[in-house]
Amino acid sequence: MEAADSTPPSDLPVLPSISQLDLARSSLRRELVPALGFAGTQQHLTHVIAPALNGNSQSSRYYGFVTGGATPAAVFADKMVTDYDQNVQVHLPNETVATDVEAAALDLVCQLVELDPKEWTHRTFTTGATSSNINGLACGREYVISTAAARNNTKADVSSLGLMAAMRVAGIDDIQILTSAPHSSLRKAASVLGLGHDSVKDVSDPTAPHRLDLEALENALQSPRAASIIAISCSEVNSGLFATTGKDMVQLRRLADEYGAWLHVDAAFGLLARILPSDEPAYAQLKEGVESLQLADSIAADAHKLFNVPYDCGILLSRHLDVGTAVFQNPGAPYLNAAAGSVPSPLNIGIENSRRFRALPVYANLVAYGRSGFVNMLENQIALARGIASYIQSSSVFKLLPEVESGSMDPLSRVFIIVLFKAINSELNDTLVKKINATRKIYVSGTKHAGQPACRFAISNWQTSVEKDLAVIIDVLETVSSGHNKQ
Ligand SMILES: *Cc1c(COP(=O)(O)O)cnc(C)c1O
């Protein structure tokens, strides 16, 4: 991304020091009186709070979670969002252009990831992928029950009857969410929607648990008096691996149509793999993981991750505006009626009524950097992830995860922006994340793999530079592994 040349902030601290944190915590104001006034508050925020915030966005060496960063164009736009403080809920074309900007931004997102905006009629910005998952599953819940009812020659919708009555009318006892390696937010979404954590059922391939087992899935779809939502983990958060291939998607679409199921894709950060050049063999595995996503019913994505806009911003795309409108219509508030037009009022197609103008930073990013800027940014991130993976692969101390049988395809070619690994020595492995983060030069997240502690890098910042960052990372890994060589 061209903006990378103008700012070299990767040397900003990854984390504040413990003493900065202690000082800030002990200096927090706990009483309303006396008020500090604006100038005093500016001082307080600048000198006490800011130094104790982490570098998840500002540093290119923060590899925890999947946080993304914020490009200069997005930061500029986000400040404007605050200054103008638009409430983007009702389409009011004679009063503000905000809803049109949102619609244009969503069109550009579709263009970028090669999904036809004419087909993806229900598009909205959310607060993040969790919210997008709730939104997508809410649409799925509505669809599978009304489809089951229609197949029983009756009518039922959750939006008017409520879940229990609609299920009774439709002759459904159970709604199941069939998935592999789901993000935790999928279970949360199931709870919020009255389906329950236990409705999320694992139908993964036992030999490759990130992948859907289509046979197990079809068996589950055949359960009597059950309605199903299929949820695809499109780049799983621990390993970055993809649940499906293009061929699977064709098969899944056929199964979904046959059994009246809804096909939801959680592509929080996986979606951007669609922008990678198809003529580059090094990306073939990644491209396969996002192939034929246009066959899904709904797709959840995050903008505050790989799109590199500030928190909080997610995306929901669905091909069923009628379902989205049935679920989210804000009823009986004539003062919120919009002008009829081509842009649906956001309050009738998403969870929130009053909403931040979070479309603007996405719009600014896409306008500023275009396709080539985003491709460059992602290629840099993948190159760093693969640089780390390659170092780990050649190391006698660490092991790249998930393990692959020897002789199978080059494991580097499946690395997207996440590198999952462990230390071979279990004592080192138990303290690995702590030791890496204690250097405060880089920051990684701990997780579990096959029941054992594991460590992961997530590369998601626009400032990523293989040249500058890889040496620092290798230096840290060498330091924490010293004394453990040749176990
Ligand atoms: C991050 C993530 C989520 C949750 O997104 P939030 O933006 O934190 O709400 C859901 N699914 C996947 C695969 C993710 O990586």
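The rules behind the values
Residues numbered from 1 in each chain as written. Predicted model: local features only at pLDDT ≥ 70, side-chain atom pairs only at ≥ 80, totals over all residues. Heavy atoms only, no water. 1 Å grid on protein atoms, 1.4 Å probe; cavity = no way out; pocket = protein on both sides within 12 Å on 5 of 7 lines; lining within 4 Å. Points joined across faces, edges and corners; volume = space filled by probe spheres on them. Helix = DSSP H or I, 4+ residues; strand = E, 2+ residues; numbered from the N terminus. Nonpolar A, V, L, I, M, F, W, Y, C, P; charged D, E, K, R; others polar. Domains from an automatic or database assignment. Contact = heavy atoms within 4.5 Å. Buried area = accessible area lost by both parts, 1.4 Å probe. Salt bridge = Lys/Arg side-chain N within 4 Å of Asp/Glu carboxyl O. Polar contact = N/O pair within 3.5 Å; in protein donor to acceptor, adjacent residues only side chain to side chain. Phe/Tyr/Trp six-rings, centres within 6.5 Å; stacked < 30°, edge-to-face > 60°. Buried < 20%, exposed > 50% of the residue type's maximum accessible area, 1.4 Å probe, protein only. Pairing = 2+ DSSP bridges. Arc of directions from axis to C-beta. Axes fitted to C-alpha atoms, helices over the stretch in contact; angles between N-to-C directions. Parallel < 35°, antiparallel > 145°, perpendicular 65-115°, else oblique. Left-handed = near helix turned anticlockwise from the far one by under 90°.

### Describing the layout of surface pockets
Stage number 1. Estimated volume of the largest pocket: approximately 890 Å³.
Stage number 2. Along its surface, the largest pocket is lined by 34 residues, and Ala208, His210, Leu241, Pro402 and Arg414 are the ones closest to its centre.
Stage number 3. When residues of the lining of the largest pocket are traced back to their parent elements, those giving at least two are strand 6 (208-212), helix 11 (284-289) and strand 13 (443-449).
Stage number 4. Of the residues belonging to the lining of the largest pocket, the class tally is 13 nonpolar, 12 polar and 9 charged.

### Looking at the domain arrangement of the protein chain
Stage number 1. Each assigned domain of the protein chain is listed here: domain 1 (86-356) and domain 2 (370-481).
Stage number 2. Each of domain 1 and domain 2 was reduced to a C-alpha centroid, and the two centroids are 30 Å apart.
Stage number 3. The interface of domain 1 with domain 2 comprises 26 residues on the first partner and 25 residues on the second.
Stage number 4. Carbon and sulfur atoms make up 63% of the surface buried where domain 1 meets domain 2, a total of about 2,100 Å² over both sides.
Stage number 5. Contact with domain 2 buries area across many residues of domain 1, yet Asn238, Gln285 and Leu306 alone supply 26% of it, more than any other trio.
Stage number 6. The interface formed by domain 1 and domain 2 holds 1 salt bridge in total.
Stage number 7. We note a salt bridge from Arg371 to Glu114, for which the minimum N-O separation is 4.0 Å.
Stage number 8. Counting across the domain 1 and domain 2 interface gives 9 residue pairs in polar contact (both at pLDDT 80 or more).

### Some points on the packing of aromatic side chains
Stage number 1. One pass over the full model with this rule turns up 8 aromatic pairs.
Stage number 2. Between Tyr143 and Trp262, the aromatic rings sit 5.3 Å apart at their centres with planes inclined by 55°, giving tilted as the arrangement. A residue pair is termed long-range when its members are at least 10 positions apart, and Tyr143 in helix 5 (residues 129-151) and Trp262 in strand 8 (residues 262-266) qualify at 119 residues.
Stage number 3. On the basis of an interplanar angle of 85° and a centroid distance of 5.6 Å, the ring pair of Phe398 and Phe421 is categorised as edge-to-face.

### A few points about the pairing of strand 14 (residues 452-458)
Stage number 1. Across the 7 residues of strand 14, 5 count as buried, placing the element largely inside the fold.
Stage number 2. Taken together, the 4 bridges between strand 12 (residues 418-423) and strand 14 define a ladder with antiparallel strand orientation. The partner of Leu420 across the bridge, within strand 14, is Arg456.
Stage number 3. Judged from the 5 bridges that link them, strand 13 and strand 14 form a sheet pairing that is antiparallel. Residue Ser445 lies in a different strand from strand 14, and its bridge partner there is Arg456.
Stage number 4. Between the end of strand 13 and the start of strand 14, which pair antiparallel, lie 2 residues, with Ala450 showing a positive phi angle near 50°.

### As for helix 7 (residues 163-170)
Stage number 1. Those residues of helix 7 not exposed but buried are Leu163, Ala166, Met167 and Ala170. Looking straight down helix 7, one finds its buried side chains confined to an arc of 100°; they lie on one side. What points out from helix 7, more than 90 degrees from its buried face, is the exposed set Met164 and Arg168.
Stage number 2. Check the buried side of helix 7 and you find it contacts helix 5, helix 6 (158-161) and strand 3 (174-179).
Stage number 3. Gly171 occupies a position one or two residues after helix 7 and carries a positive phi of about 75°.

### Overview of the packing of helix 5 against helix 8 (residues 184-192)
Stage number 1. Two elements in contact, helix 5 and helix 8, have axes separated by 9 Å at closest approach and are oriented at 50°. With respect to helix 8, the element helix 5 is oriented oblique. Considering only the axes of helix 5 and helix 8, their crossing is right-handed. Note on element contacts: helix 8 touches helix 5 through Ser185, Leu186, Lys188, Ala189, Ala190 and Val192, opposite Thr130, Asn133, Ile134 and Leu137.

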